[in-house]
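If you want the building blocks of each chain, they are given just below.
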Number of protein chains: 2
Amino acid sequence: MKIEPLLKYINKYVSLTQEETDFLVSKVIYRKYLKGQYLAQQGDVCKYSCFVISGCTKTFYMDEEGQEHIMMFSIEDWWTSDMSSFINQTPADFNIQFLENTELIMFPYDVIEDLYLQIPKLERFFRQIIEKAFIASQKRLVRNLSMTAKDRYIYFRDQYPQIEQRIPQYMVASYLGITKEFLSKIKSQLLTED
Amino acid sequence: MKIEPLLKYINKYVSLTQEETDFLVSKVIYRKYLKGQYLAQQGDVCKYSCFVISGCTKTFYMDEEGQEHIMMFSIEDWWTSDMSSFINQTPADFNIQFLENTELIMFPYDVIEDLYLQIPKLERFFRQIIEKAFIASQKRLVRNLSMTAKDRYIYFRDQYPQIEQRIPQYMVASYLGITKEFLSKIKSQLLTED
DNA sequence: AAATTATGTTAACTTAGTTTAACATTTTAA
DNA sequence: TTAAAATGTTAAACTAAGTTAACATAATTT
């Protein structure tokens with residue numbers, strides 16, 4: 001059970017005692033998934049909030065016309081979950097699929113309250129994590145409202161080079177909110193420009 | 001000092017004792033602002049996270065071309081703040097301006113830690129508030145990625161009729177990420193359709 | 001090594017949304 | 001109560017982005 005990356009990550013926010021760490025470790029689940037498998041599916045209740053040890057996921061919404069809209073990618077040291085579904089235990093809006101073989105630490109819904117009670121520091125920790133996620137979401141929203149597709153691509157490429165290298169281009173296009181053909185055009189424009 | 005609406009709101013999430021309530025009340029600030037004034041400005045550090053007692057604010061980003069992009073409106077019983085600036089005490093990305101004379105309960109940055117220490121329940125409370133805000137932000141993002149401007153307008157109109165009635169139409173357009181002329185066209189289309 | 005399957009490119013055409021500008025209406029201030 | 005300022009409408013010309021479809025290349029599988 002590779003849990004070191006999670007403990008290291010938590011330690012950046014709060015300091016756990018040995019007992020607290022042991023309790024935490026006893027409550028979470030280490031698991032591997034294969035490329036293509038699903039962690040969560042639109043309509044189902046999302047039972048886990050997960051920390052990625054290795055690998056990669058995409059979180060996407062499938063609209064009525066069957067079009068995929070990618071909300072986010074998660075790689076090492078990031079979280080993946082359908083927050084709305086997980087927190088309210090309601091049917092998920094999103095699908096989460098593995099883009100690579102992936103190792104996760106899974107936090108089951110029914111141990112979360114227990115963790116908060118036994119380790120109040122984790123309440124603080126998760127508050128801070130969610131604050132960060134909210135801020136990132138707001139900033140992405142403003143980029144989508146104020147920037148052209150070309151500038152959004154340039155921003156993505158500069159900000160997440162590790163992600164761009166690992167995933168097919170048509171998924172980047174979906175994340176940016178444009179078609180794969182249009183992203184292809186943008187990239188060829190950028191090549192001839194410089 | 002009208003603080004009842006805030007206490008009622010908090011009580012939906014956690015139960016405070018009389019001492020805790022008194023401590024909280026002693027730490028926050030009640031204040032009125034006039035229409036047109038600013039609570040926060042792009043570039044300044046946001047010193048307060050605020051709960052709206054009455055009135056209305058808009059939170060917007062001003063881009064390099066001087067165009068306003070409205071991120072959110074806040075009315076009674078909602079929060080307003082530049083989260084990123086407030087939490088990290090870094091220069092704000094957003095402006096927050098009052099659209100009406102507005103009454104607020106202000107949480108100063110330098111009392112927040114104190115509040116968490118003295119009233120651990122508030123850590124839980126704010127975690128839950130931010131979870132809700134994050135979920136709403138994610139859902140708005142997916143609407144912006146997957147719906148046409150017309151459908152986004154219909155959704156807004158149906159979801160926030162109280163807001164649409166209080167603010168000028170060109171601000172609704174900005175919130176939806178379209179021009180006021182295009183929103184005007186959409187509305188006249190909707191009138192002739194039904 | 002050949003054959004699929006998945007991914008990426010290009011170009012012609014269409015559509016959603018923007019720009020500009022002129023005018024109409026409503027609200028606010030003098 | 002009239003003028004000025006703020007807000008809303010319309011339409012023509014334009015642009016960013018989507019659609020379709022044919023083809024090219026890379027990655028897997030047999």
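See above for the structure.
Okay, so let's go over this structure. (Residues numbered from 1 in each chain as written. Chains lettered and ligands numbered in written order. Predicted model: local features only at pLDDT ≥ 70, side-chain atom pairs only at ≥ 80, totals over all residues. Heavy atoms only, no water.)

This next bit is on the protein's contact with DNA strand C. Looking at DNA strand C, the residues that line it are P168, Q169, Y170, E181, S184 and S188 of chain A together with A149, G177, I178, T179, E181 and F182 of chain B. Taking the atoms of DNA strand C that fall within 4 Å of the protein, sugar and phosphate contribute 76% of them. Between DNA strand C and A149 of chain B there is a distance of 3.3 Å, counted from a phosphate oxygen to a backbone nitrogen or oxygen. With respect to DNA strand C, the backbone of T179 of chain B contributes an N or O atom lying 3.0 Å from a phosphate oxygen. The set of elements that each furnish at least two residues to the surface near DNA strand C consists of α8 (169–176) and α9 (180–193) of chain A together with α9 (180–193) of chain B. A class-by-class count of the residues in the surface near DNA strand C yields 5 nonpolar, 5 polar and 2 charged. (Near = heavy atom within 4 Å. Polar contact = N/O pair within 3.5 Å; in protein donor to acceptor, adjacent residues only side chain to side chain. Helix = DSSP H or I, 4+ residues; strand = E, 2+ residues; numbered from the N terminus. Nonpolar A, V, L, I, M, F, W, Y, C, P; charged D, E, K, R; others polar.)

On the basis of which strands lie adjacent, the open sheet formed by 4 strands has the order β2-β7-β4-β5 (chain B) and antiparallel pairing. Edge positions in the sheet fall to β2 (38–40) and β5 (68–74) of chain B, since each has one partner strand and no second. Within the sheet, the average angular offset between the axes of one strand and its neighbour, ignoring direction, is 30°. As judged from the 6 bridges shared by strand β4 (residues 57–62) of chain B and β5 of chain B, these two strands associate in the antiparallel manner. By the bridge assignment for β5 of chain B, T57 of chain B is matched with S74 of chain B. Strands in contact with helix α5 (residues 120–146) of chain A are β4 and β5 of chain B; relative to β5 of chain B, the strand with the most contacts, it is inclined by about 135°. (Pairing = 2+ DSSP bridges. Axes fitted to C-alpha atoms, helices over the stretch in contact; angles between N-to-C directions. Contact = heavy atoms within 4.5 Å.)

Further remarks concern the interface of chain A and chain B. Listed by partner, the interface residues are 34 residues for chain A and 34 residues for chain B. Counting each side, the surface lost to burial between chain A and chain B is near 3,300 Å², with a carbon and sulfur contribution of 68%. For chain A, the biggest contributors to the area lost against chain B are R127, F134 and L145 of chain A; these three give 19% of the whole. The residue E123 of chain B makes a salt bridge to R124 of chain A at a minimum N-O spacing of 3.5 Å. Here chain A is connected to chain B by 12 residue pairs in polar contact (both at pLDDT 80 or more). Counting only elements with at least two residues in the side of chain A that touches chain B, the list comes to β5 (68–75), α3 (83–88), α4 (109–118), α5 and α8 of chain A. Examining the composition of the side of chain A that touches chain B, we find that 18 residues originate from one element, α5 of chain A, more than from any other. Here the residues of the side of chain A that touches chain B are counted per class, giving 17 nonpolar, 8 polar and 9 charged. (Buried area = accessible area lost by both parts, 1.4 Å probe. Salt bridge = Lys/Arg side-chain N within 4 Å of Asp/Glu carboxyl O.)

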